[in-house]
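One-letter residues, chain by chain:
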Amino acid sequence: MSASLPPIGMLAEITHRCPLQCPYCSNPVELLKANRELDTRTWLDLFDQAADLGVLQVHLSGGEPTLRRDLEQLIAGLAARGVYTNLITAGVGIADGRIEAFAEVGLDHLQLSFQGARAETTDRIGNHGGSHEKKLETARRARAAGLPLTINAPIHRHNIEEVPEFIELALSLGAERLEIANVQYAGWALTNRDALMPDREAVDRQGEIVEAARERLTGIMNIDFVTPDYFATYPKPCMGGWARDAFMVAPDGAVLPCHAAQTIPSLAFERFGARTLAGIWNDSPAFNAFRGTDWMQEPCRSCERREIDWGGCRCQAMAIAGDAAATDPACVKSPIHARMAALIDEARHAAEGAPADVPFVHRRIGTVVDM
Amino acid sequence: MTMPRQRMLVSGGSKPSLPNHVRIQFDPLRQAYAVLAPEKIFWPNEISLDILRRCDGSSTVETIVADLASDYDAPEEDVEGDVTTFLQEWSDKLLVRL
Ligand code: SF4
Ligand code: SF4
């Protein structure tokens, strides 16, 4: 078993509630209702323990984190500990004065998602009329409050052609950073994979557009490009390696090595409160299961990239190879790598056979999904 | 606050500063200085740290170079090259404002 290092980053999903219903949402298909959320005191206690444990950066996310009325208090608690605090918001329905209040209590950075670069796309994907306009307003208010801004663009079949417009949008809003993030197929996105998967040609075009924009915008705006796994040669180092330097916490206090970890049936996750954060991070069997490289099988075990990508995503291995300890099928060395190309083709056929709009299962609390 | 919508180039008269999304902070646990930025954390070495600490928005690159040259007892031409390269790189990543 590999020894643990202190964690650097934490993603706190403080609520699953959200006014939008994006079909690519990475939240689990079984969403938690408000009455399962940790209360203010428990979150503040958790943040204190996280700072003690070495966490330097916290991303407050959801669902929609601004639905928590105590968000100002939570940010203040993190700021008091010198933690760099990033708010990840969909930017819809934030009451007047709150963004300014977040900035005042010490928020360091705001990340705002746009489902489309055009109003009709944003409103359709999030299933929320008028949301695009509200997001533009949120961006303006954030800038006016002096907050640095990242625009996050989750990319899939239905908006991949808008990438050039996303770049212009982010520039016009004064963002320092744009994330072109191709959807990762976990949670709701996995349910909607056939409807969301882009075509290979569109992916190639996107790559060229982003490369050119990066060059053109050097020193003007940073573009982070999260490439689509299914089209990749090597996997991404998911979470920078399982339980290596980051973790996440679900609304009910379940401490998880990554977003989709709960899809691995052999693992049991512990909740903050039942145990200290340090106890969970250092000793929890779920965290130790895939920490380091000792758990690896071939081809990862003897691969020279094993400490670069850490064998890729465990949840993708689970979802596609049926074994959480397998090589991520996104890797060209995986014995079932060809399955990725087959899934791309299947999605393409599904899309071609379907009416112009392949129906999404829009994300909702309490929706029953047949997998 | 307005964004530089044009790539900035380092010159002797530039007065570099840290933008408000970048923070330098001592981490007692790891006994090292961290540069905190959105989605990224850097662990600068001593020389980088010495440059960043002088990016106060009022000192010019010329002053910073002269200062470091005397601190490190090194020829100014050498220091100037290193500082310019470093600041250009950090400015290109929007971690330093010129
Ligand atoms: S992806 Fe969409 S539905 Fe999911 S939390 Fe974000 S805004 Fe809400
Ligand atoms: S074989 Fe494993 S370690 Fe090697 S590149 Fe593929 S996923 Fe990474």
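See the structure above.
In what follows, the accompanying structure is described. (Residues numbered from 1 in each chain as written. Chains lettered and ligands numbered in written order. Predicted model: local features only at pLDDT ≥ 70, side-chain atom pairs only at ≥ 80, totals over all residues. Heavy atoms only, no water.)

### With respect to the interface of chain B and chain A
Tallying the contact residues gives 25 residues for chain B and 32 residues for chain A. With both chains or domains summed, chain B and chain A bury close to 2,300 Å², and 52% of this area falls on carbon and sulfur atoms. Of all residues in chain B, B:Arg5, B:Arg30 and B:Glu39 give up the largest surface area on contact with chain A, accounting jointly for 26% of the area buried on that side. Inspection of the region where chain B meets chain A yields two salt bridges. Applying the counting criterion to the chain B and chain A interface returns eleven residue pairs in polar contact (both at pLDDT 80 or more). Listing elements by their share of the side of chain B that touches chain A, those giving two or more residues are strand S1 (23-27), strand S2 (32-37), strand S3 (40-42) and helix H3 (76-92) of chain B. For the side of chain B that touches chain A, the per-class residue count stands at eleven nonpolar, five polar and nine charged. (Contact = heavy atoms within 4.5 Å. Buried area = accessible area lost by both parts, 1.4 Å probe. Salt bridge = Lys/Arg side-chain N within 4 Å of Asp/Glu carboxyl O. Polar contact = N/O pair within 3.5 Å; in protein donor to acceptor, adjacent residues only side chain to side chain. Helix = DSSP H or I, 4+ residues; strand = E, 2+ residues; numbered from the N terminus. Nonpolar A, V, L, I, M, F, W, Y, C, P; charged D, E, K, R; others polar.)

### Topic: the sheet that holds strand S1 (residues 9-13) of chain A
All names here are of chain A. As summarised here, the arrangement of the nine strands in space is S7-S6-S5-S4-S3-S2-S1-S8-S9, forming an open sheet in which the pairing is mixed. Either end of the sheet is taken by a strand with one partner, and the two such strands are strand S7 (222-226) and strand S9 (255-256). Sitting on the sheet, helix H1 (residues 40-53) touches S1, strand S2 (57-61) and strand S8 (246-249), and the angle it makes with S1 is about 170°. (Pairing = 2+ DSSP bridges. Axes fitted to C-alpha atoms, helices over the stretch in contact; angles between N-to-C directions.)

### Quick look at the site of ligand 2
Neighbouring ligand 2 are A:Tyr234, A:Pro235, A:Pro299, A:Cys300, A:Cys303, A:Arg305, A:Arg306, A:Asp309, A:Gly311, A:Thr327, A:Cys331 and A:Lys333. Tallied by class, the residues present in the shell around ligand 2 amount to six nonpolar, two polar and four charged. (Near = heavy atom within 4 Å.)

### What about the site of ligand 1?
Every residue close to ligand 1 is listed here: A:Cys18, A:Leu20, A:Cys22, A:Tyr24, A:Cys25, A:Gly63, A:Ala90 and A:Arg363. Taken together, the residues of the shell around ligand 1 break down into six nonpolar, one polar and one charged.

### Regarding the pairing of S8(A)
All names here are of chain A. By the alternation rule, side chains of S8 split into Ala-246 and Met-248 and Phe-247 and Val-249, which are all buried. Both S1 and S8 contribute to a ladder of four bridges, which runs parallel. Looking at S8, one finds that Gly-9 is bridged to Ala-246. Of the strand pairs in this sheet, S8 and S9 are connected by two bridges, and their pairing is antiparallel. Residue pairing in the sheet places Val-249 in a bridge with Val-255 of S9. (Buried < 20%, exposed > 50% of the residue type's maximum accessible area, 1.4 Å probe, protein only.)

### Regarding unusual backbone geometry
With an omega of 15°, the peptide bond running from A:Gly62 to A:Gly63 counts as cis. Relative to the helices and strands, A:Gly63 is located in the loop between S2 and helix H2 (71-80). Residue A:Pro299 is bonded to the preceding A:Glu298 through a cis peptide linkage, with omega at 5°. In this fold, A:Pro299 is placed in the loop between helix H11 (285-289) and helix H12 (314-321). The phi dihedral of A:Trp310 is positive, around 55°, even though this residue is not glycine. Here A:Trp310 lies in the loop between H11 and H12. Phi is positive for B:Gln31, close to 50°, though the residue is something other than glycine. Tracing the backbone through its elements, the reader meets B:Gln31 in the loop between S1 and S2.

### What to know about the sheet that holds S2(B)
Residue and element names in this part refer to chain B. If you trace the three strands from one edge of the open sheet to the other, you get S1-S2-S3, paired in antiparallel fashion. Because the sheet does not close on itself, it has two edges, and the strands there are S1 and S3. Each strand axis lies, on average, 30° off the axis of its neighbour in the sheet, ignoring direction. Judged from the three bridges that link them, S2 and S3 form a sheet pairing that is antiparallel. Pairing of Leu-36 across the sheet is with Ile-41, part of S3.

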